[in-house]
Amino acid sequence: MADSDTDSSVEELLNRFRTLLFDQRCLCSEELLSKLQGLVTNIKWSPNDATDLFDALLKRFESIANDRSDLLLWMMNMLHCIEINYITPSWKCQNGKTVIELVKDDTVTDEALKTCLAHDAEKTLDEILEEIRQEKLNQIDEKLLSDVKDIVSSVDKDLTSHNAGSQRSGLNRVLLKLCQAVEETKKFRPRLTQMVSWCIMALSETGRLIQVGTGEGKTCTVAMFAAFRAMRGEQVEIFTSSSVLAERDLKDWRAFYEGLKISVDCNTNKQGEGLRRCYKCDVVYGTVEAFAGHWLGQRFKRMDIFGKRTLQCAIVDEVDSLMLDKGHHVVYIGANMPALQHLNPLLAFIWATANQYERIGTETTVGQKYPFHQVVLEKITKGKDVDKFAILQMAEDTGILAKGSVKVLRKSPSLLTEKTAGVTVTQLAAFFETVERKFPSCQFALHCRNSDGSIDNLHKAPQEAVADRQRVSLLLINGGFCQYMYSDRESMLRAAEAEIKHAVRFTPCDLSKDGVTCYVPGFFADLVNSKLIVWVANAFIAQTMTRDHEYIIEKHGVVPVDYSSTGVVENFQTLSDGLQQFLEMKHHCKLSDMTAITNYMSNVGVFLKYGHQIFGITGTLGLQAETETLQKIYGGIKTCQIPLFKRRKLFEVEGEIAGDENEWIEKTCNAVTAQTNSTPYRGRRAVLVICETIHRAKVLYQALEDKVPNKKLYISNNMDNSEVLEELPAGDVIVATNLAGRGTDLKVSKEVNTAGGLFVVQTFLPHNARVEAQAIGRTARQGSPGSAQLILCFSHLSEPLKSLALIGKLQSLLENMTNGLPHRFVLQLMSYQQSRSHEQSNDMSSTLLHILTENSNSGIQRVKKFRDYFVAKGLARYLECDIPNIKKKEKIFSQYLGTLDEVYKSSNDKPADSDLSALNEFWGMWLLTNFNEKDSIMNSQIKLSEDLKKARQKLRERKSPSSNLHHYTAFGNDLRKKGDLAGSIEMYTKAIQEDHCWAAIAYYNRALTSLSQQDRHPDPNCFNQALEDLQKALGSVERYSEQIEFTCRYSTQGKDLCSDPVTRFDRHIMARKDVLQCFKEKINETIMKVGRARDYRNVKVEESLLYSLVPAAYFLPLAVLSANSLNLIRSRDPLKLLQLITNPYFDILNELECLKSLGLTHVYTVDTLFTLGGFLRRTLSRAFD
């Protein structure tokens, strides 16, 4: 019995082993078929050629192998070698044989065959020029190509023979000199492709855009061309896509320029004299943002930055990114407009209102809850003699409220919630039907929410249409409440806007302390009325935006991320139209004030200033639609694509679309581990995983935790990423955003290259083919092998692309269900291994040919084509709408700069700061409220001219052009500084008359200036007036405090995303409250001292610095922080300095600066003078009393 059991167990184990072996062979056979299909889909082999290759490999194996079981492994090895070296049917080795001919050659060993496939020589000059000639999009004539050939061939000959080239002249001599300088300083000779690129630009009389493949040495070509233009006596600006790249390129090529006696510098991280020295150099590296900022500093701020420098030649690296993706990006110098803090309470109220809205289902949104009687009152036709209690009486009559409830509520309205607590949805529905009968103009569509969250229509029978109006959709809630329902975004936004308008009051007006009225200074009325709907829409957008996707939270607050293109964290960018503030409220960050842009320069505007002297270079000029767009924007600028110096060995693995996020994570992890683990036919590779957002990169990094031991995260340019960018050994993985795309040079070990090179997994569909190419361009560089694969998630696609992907998936599923050929091929191959025969070989080849001939349109390719279609449409809109608007706004800004020129000229270049500030603020508000994209440029310029003329006239009359009371306070301060105390008092009075509600500083300044105006025997009425002003100043400061409380209350009414007990928002608000409290204490102290001075009938007023307003103890942490940050300050690192000044310890200082900008330039100390006469008067007065 025991022997029988043992035999049974052994048999069972053998069966399992056979099954496992069979499954393993099936998998290997399927993988072999996949590689053969990859030749057709990814290396463009024809089905016949791929089948011929298979036959040739099969026959070769039969002739050299004894063990049939090695067939699959041997063939996989050979196909892998063909794959990683990107061998096409037309490829030929040095002796002129194709790959199929080499496979058939019995005299060539396997190792020799692999060596031959891996060998690749650089292209000849004739091959390079012929490829340029054959490219349809290249705008190159034969004369130019002939000149290029003459120059490059002669220089290459001189370099090879080490000829000094003294007999050469013209461009031949210049290019030779430049190449020799590169050899001497960089220790390499420029390649033929680099010399060809240089020649094409040097021979172009006007600008040209050049495409040079990723990893092909663009920086060398740029440096050589910049040096050439500098040697002609021109000044050159080289624009890069980031400050890091600009500083890197300057460091790498400084010795090259210095060897040619060309001065060079970089315009990033410089100020003052250092910046002026920079722009005296022949060649300046930098970013377009830095250059635009410096141009604005020169023209708008009247700073001497450029000296005598003119714009002569621009060389743009990554030209497609800077001119297309970021062409509309705008740089501006922040304007100091502290009055905009008055809008913070309104923004907080908008945020709170938006958070009252809730999405239910896929198409419906509900608003905030209202008591049922309030809804009815709002909807009853005007003119009806109905009030709240009449509606409540109806409710009592229909049984919703208990008998006698209305009588009680008349005396105690606050009991309403208690009285309606037991009201059910059914009772509410019956009540609304009663209302409809009594008021036919008031009709409703009633709904309720079921226990599962679904919405049920309470009107089961069909409802009749209501003449001239729609039924009001309501969601009824137990407890006597209703919510308005909105089926579209527009109606929801308009409803929210109406709610907010109902709560807003413009001052001056009567004030209440109800806590729900939002008071806004009247001079902002036009701005609020024109922009309110935009702010409301942005509040809802902020709700849908997610951290680590569109933005991140840094030490200095909410920072946008250019996730769709470069992955760069844009530290010095802020979101506009309230979006920045809403996100700050969402995450309880320090609340910044809105900004009004008074100066600006777009990337397009910068480049257009160079006329026809723009030379661009990039790895990805893009599709025809993109190159045509660039040509239309920049005056017909010509383009040229330069061939690679070696054949590119990039193999793109067939992409996949996962059904959901879990499957997407699984497929991505499987793709990564498949490459980082070795196989019988190749070693381990390194992998770069590129994700769309920081959040998704973190998710995948976490998912790989136990699967890949050596991995790195590359998601932020604010981190030290030096370790990430070191040479990658086999098995290493980098999980990154697009930050690892454009401009990143990843090195891999020799072992990785032998195994097939870097494997790039793109986990999302980039928004255009250029961004996709930049990501894939991290591999297969400079003739090295590499692979890439797209793995998409269905739920991450846009709605139109989802439909397309779904169709493709269904089609693929149907094909797999009906197509038995792949399975037949696998069985035939396994059978062939058991018993080889010529007939079996022919059957396999026939089956393979049928499989490869099937034209299966990949779902990925279908989605890409649709993506490219949308890109072309977007570019058309960009040309038709965005570019004209950019040009229009910059023409208008140029007109305003002309007005500023007149202001400076009329004041001998010394206009009053208050006048400049008022005029700039007027211009900024004009842009926000008057600029209309639909208006013609002529109409806009005429209107601006008229309005600026009126504004300047008002300034001459010492009036505020925008009726801003703070302008009058500033005018008064100017006059006080000049000693015109009477004039300053008049200005403070105008500020108070303009809007007394916010005139705290004007009241305070008027009181103290009036006292300063008195001599040793002041008018007693002066004391009384000063005391009255100080009391009113105290009341106005209290209103500022109330607005802070209002902002706090409403800004925190969203979902709490911060777990800190004391948030950054709290610390900022505490600082603002502390400063106002110190101001109140100062006013109270002054009131007491003025009262005492009135008794003495003499007064002494002394000015003190504003910083004395707060106790010195507030500055101690700031002093310690500053002392500990001296090295940081000396480094002038813009990001670190930004993070330093946004530290909470700076809040007090920042708030004092804010008060200073509002007009509180000094605080005053009041005291009395001792005189004998005064002493006798007081003594006699007391005696008589």
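In this text, all values refer to a predicted model and were calculated from it rather than measured experimentally. (Residues numbered from 1 in each chain as written. Predicted model: local features only at pLDDT ≥ 70, side-chain atom pairs only at ≥ 80, totals over all residues. Heavy atoms only, no water.)

### Re the overall build of the chain
Stage number 1. Along the backbone of the chain there are 45 helices and 27 strands.
Stage number 2. For the C-alpha atoms alone, the extent of the chain along its principal axes is close to 135 × 95 × 65 Å.
Stage number 3. When the 1185 residues of the chain are sorted by exposure, 51% land in the buried category.
Stage number 4. Considering only contacts in the chain between residues 6 or more positions apart, those separated by 24 or more positions represent 74%. (Helix = DSSP H or I, 4+ residues; strand = E, 2+ residues; numbered from the N terminus. Buried < 20%, exposed > 50% of the residue type's maximum accessible area, 1.4 Å probe, protein only. Contact = heavy atoms within 4.5 Å.)

### Some details on the sheet that holds strand 7 (residues 358-360)
Strands belonging to one sheet form pairs held by backbone hydrogen bonds; the direction of such a pair is parallel or antiparallel.
Stage number 1. Here six strands make up an open sheet; going across it, the order is 7-8-12-11-9-10 and the pairing mixed. Looking at the sheet topology across the chains shown, the edges are occupied by strand 7 and strand 10 (455-457). Across the sheet, the mean angle separating the axes of adjacent strands is 40° when strand polarity is ignored.
Stage number 2. In this structure, strand 11 (residues 472-477) lies alongside strand 12 (residues 481-486), joined through four bridges in antiparallel fashion. Along strand 12, the bridge assignment pairs Ile-477 with Phe-481.
Stage number 3. Sitting on the sheet, helix 16 (residues 372-379) touches strand 8 (364-371), strand 9 (444-449), strand 11 and strand 12, and the angle it makes with strand 8 is about 105°. (Pairing = 2+ DSSP bridges. Axes fitted to C-alpha atoms, helices over the stretch in contact; angles between N-to-C directions.)

### Considerations on empty space enclosed by the protein
Stage number 1. Applying the stated rule across the entire model yields six cavities of 30 Å³ or more.
Stage number 2. Of the voids in this model, the largest cavity is the one considered here, and its volume is about 240 Å³.
Stage number 3. For the largest cavity, the lining is made up of 18 residues, of which Gln-341, Tyr-1040, Ile-1044, Arg-1072 and Leu-1076 are closest to its centre.
Stage number 4. Partitioned by chemical class, the residues of the lining of the largest cavity number 11 nonpolar, five polar and two charged. (1 Å grid on protein atoms, 1.4 Å probe; cavity = no way out; pocket = protein on both sides within 12 Å on 5 of 7 lines; lining within 4 Å. Points joined across faces, edges and corners; volume = space filled by probe spheres on them. Nonpolar A, V, L, I, M, F, W, Y, C, P; charged D, E, K, R; others polar.)

### Comments concerning the sheet that holds strand 21 (residues 687-690)
Stage number 1. The six strands are arranged 20-25-24-21-23-22 in an open sheet whose pairing can be described as parallel. Strands at the two margins of the open sheet, each flanked by one partner only, are strand 20 (649-658) and strand 22 (711-714). Each strand of the sheet is rotated relative to its neighbour by a mean of 15°, with strand direction disregarded.
Stage number 2. Taken together, the four bridges between strand 22 and strand 23 (residues 733-736) define a ladder with parallel strand orientation.

### Observations concerning the side chain of Asn-85
Stage number 1. The residue Asn-85 is located in the loop between helix 3 (71-84) and helix 4 (99-104) in this model.
Stage number 2. A distance of 3.4 Å separates polar atoms of two side chains, one belonging to Asn-85 and the other to Lys-649.
Stage number 3. With sequence-adjacent residues up to four places away left out, Asn-85 is seen in contact with Leu-117, Ala-118, Arg-647 and Lys-649. (Polar contact = N/O pair within 3.5 Å; in protein donor to acceptor, adjacent residues only side chain to side chain.)

### What to know about the pairing of strand 1 (residues 208-212)
Stage number 1. Of all five residues that make up strand 1, five are buried, and the element is covered over most of its length.
Stage number 2. Burial along strand 1 is two-sided: the residues Arg-208, Ile-210 and Val-212 and Leu-209 and Gln-211 are all buried.
Stage number 3. The sheet contact formed by strand 1 and strand 19 (residues 638-642) spans five bridges and is parallel. Note on strand 19: the bridge partner recorded for Val-212 is Ile-642.

### Some remarks on the side chain of Ser-405
Stage number 1. Relative to the helices and strands, Ser-405 resides in helix 18 (residues 405-411).
Stage number 2. With residues near it in sequence (within four places) discarded, Ser-405 still touches Glu-396 and Lys-419.

### Things to note about the environment of Pro-1020
Stage number 1. As for its position among the elements, Pro-1020 is in helix 39 (residues 1020-1051).
Stage number 2. Residue class for Pro-1020 comes out partly exposed when judged on its relative accessible area of 41%.
Stage number 3. Linking Pro-1020 and Asp-1095, residues 75 residues apart in sequence, is a C-alpha distance of 9.2 Å.

### Quick word on helix 16
Given 3.6 residues per helical turn, the α-helix brings residues three or four places apart onto the same face.
Stage number 1. Here helix 16 has its buried residues at Phe-372, His-373, Val-375 and Val-376. All buried residues of helix 16 project into a common sector of 160° when viewed along the axis, lining one side. (Arc of directions from axis to C-beta.)

### Topic: the nonpolar core
Stage number 1. Ranked by internal contacts, the top residues of the largest apolar core, which has 191 residues, are Phe-432 and Trp-535.
Stage number 2. In terms of nonpolar packing, the next biggest core, distinct from the first, is built from 57 residues, Met-195, Val-196, Met-201 and Ala-226 among them. (Core = buried A, V, L, I, M, F, W, Y, C linked by side-chain atoms within 4.5 Å.)

### Description of the pattern of salt bridges
Stage number 1. Tallying each qualifying case throughout the model produces 59 salt bridges.
Stage number 2. Across the pair Arg-229 and Glu-234 runs a salt bridge, and its minimum N-O distance is 2.5 Å. As far as the burial class goes, Arg-229 and Glu-234 line up, both buried. (Salt bridge = Lys/Arg side-chain N within 4 Å of Asp/Glu carboxyl O.)

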